[in-house]
Structure formats: C-alpha cells, structure tokens
Amino acid sequence: LIELLGRAEQAARQQGNDDLLASVLCTQSRVGLRSDPEASRQKNAAGNAALRRLRNPSIESTASCARADALLLELDGDRQGAIETMERTLHAVEADSLATLPDRMRIANELARLHYNARNLDRAWQLNERTLQQMRGAGLGQSAGYLVIAMNGAVLLQTMGEVRRAHDVQQALLQRVQ
C-alpha cells in the first residue's frame, strides 16, 4: 500500500493534479501515523496545502485530509477537536450530491469510533445504526462491511451495559457467516 501511494503521489505531482495529490498525501499521513508521527504531520501539512490550492476540491480529497487532521488531533490529545472536524466533514459529505455511500460510511464510522473512545456512546450508537440502515437500503445488508459495522454495534451495546442484547446481535451475525 505504501509503495502504491508513493507511485500515486509521484503521478499526481507529474500531472500537476493537486486534488489527487491532497488525497494521496493525507492518506499517506493516516497510514504512516503509528510508525512515524512526524512524517505523518508533514504529509498532512503538504496534503492540506495542496487542498487549499484548489477552487473546488473533491469530496474524496476533502474527506481524506479531514480524516488525517482528526487522527492527528486525537494523537495530540484533542479528541473534541477531532470529533468536531469529523462532524463537519460528515455534514459536508452528506450535503454533497456526488458523495457515495462508501464516502459517508467511512466518515460516519471514523466519527463513531471517536465518539466511542470519548464515551459519547449514544452518538456512536446513532451513527452506527444510521450507517447500517443506509447499507441495508443500498442492498448491502449481507456484505462483509455490514457485518463489521454490525459487530461494532454489538460492542457498543456491551459497553452500554446491554450485554444480553449484544450477545443476541453477535449470535445472529455469527449464524449469517456460517
């Protein structure tokens, strides 16, 4: 993945495509965050600089950089800033007619994770349930992604003290994959 992102960065630079460059640099920032936080910050700064050069950035590049921004804020101990960044991004994605369901799912899932870690369990649950509903509506109720997000919901239920309900959800999901 790192090699592929490096080739994409090189191609974006050669073509002068700041939208692709922003998306790639911010994705590199997210991917490398755990192994090299300082390099991650530099990639994120460069990605945001490319994003600012654009008159109409794509939702993909905007979301990619917002996700990297949020992860860096969280790393710096500013979980609330990370949540606010992702809430704004979710609103932007939902308002964009070109945004796809996977775009919305990625942002909502990241935001749910942030809320879960901040122990804002009701908001995390709301985001999780809304994502599952959207997936069912799009015919993705049998997908592997649906199972992962539904299992996240079971973890949320357990954390909220609804152990029996969490168990029932987990059992239903396990039966679906057998």
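Residues numbered from 1 in each chain as written. Predicted model: local features only at pLDDT ≥ 70, side-chain atom pairs only at ≥ 80, totals over all residues. Heavy atoms only, no water.

Visitor: Honestly, the overall build of the chain in this entry has me stumped. Any pointers?
Guide: Per the secondary structure count, the chain includes nine helices and zero strands. Reading the helices (α) and strands (β) of the chain from amino to carboxyl end gives α-α-α-α-α-α-α-α-α. Rg of the C-alpha trace for the chain: 18 Å, near the compact-globule value of 16 Å for 178 residues, within the 12% margin. For the chain, the spread of C-alpha atoms along the principal axes amounts to about 55 × 35 × 30 Å. In the chain, which comprises 178 residues, the proportion classed as buried is 41%. Of the roughly 9,800 Å² of accessible surface on the chain, a fraction of 51% belongs to carbon and sulfur atoms. The averaged location of the 21 negative side-chain charges in the chain is 2 Å from the averaged location of its 22 positive side-chain charges. (Helix = DSSP H or I, 4+ residues; strand = E, 2+ residues; numbered from the N terminus. Rg over C-alpha atoms; globule rule 2.2 N^0.38 Å. Buried < 20%, exposed > 50% of the residue type's maximum accessible area, 1.4 Å probe, protein only. Areas by Shrake-Rupley, 256 points an atom, 1.4 Å probe, with all protein chains shown as cover. Lys, Arg positive; Asp, Glu negative; His and termini not counted. Charge placed at Lys NZ, Arg CZ, Asp CG, Glu CD.)

Visitor: Help me out: how do you make sense of the side chain of Asp 103 in this one?
Guide: Relative to the helices and strands, Asp 103 is located in helix 6 (residues 101-117). Looking at Asp 103, the relative accessible area reads 12%, which means it is buried.

Visitor: Would you mind going over the nonpolar core with me for this structure?
Guide: Nonpolar side chains in soluble globular proteins generally cluster together in the buried interior. Among the nonpolar cores identified, the biggest contains 15 residues, and Met 86, Leu 90, Ile 107, Leu 111, Leu 114 and Leu 127 are the most heavily contacted of them. Mapped by element, the contributors of at least two residues to this core are helix 4 (59-75), helix 5 (79-95) and helix 6. For Leu 111, the contacting residues outside a window of four places in its chain are Ile 83, Met 86, Glu 87, Leu 90, Arg 123 and Leu 127. (Core = buried A, V, L, I, M, F, W, Y, C linked by side-chain atoms within 4.5 Å. Contact = heavy atoms within 4.5 Å.)

Any functional reading would require information beyond the geometric quantities listed.
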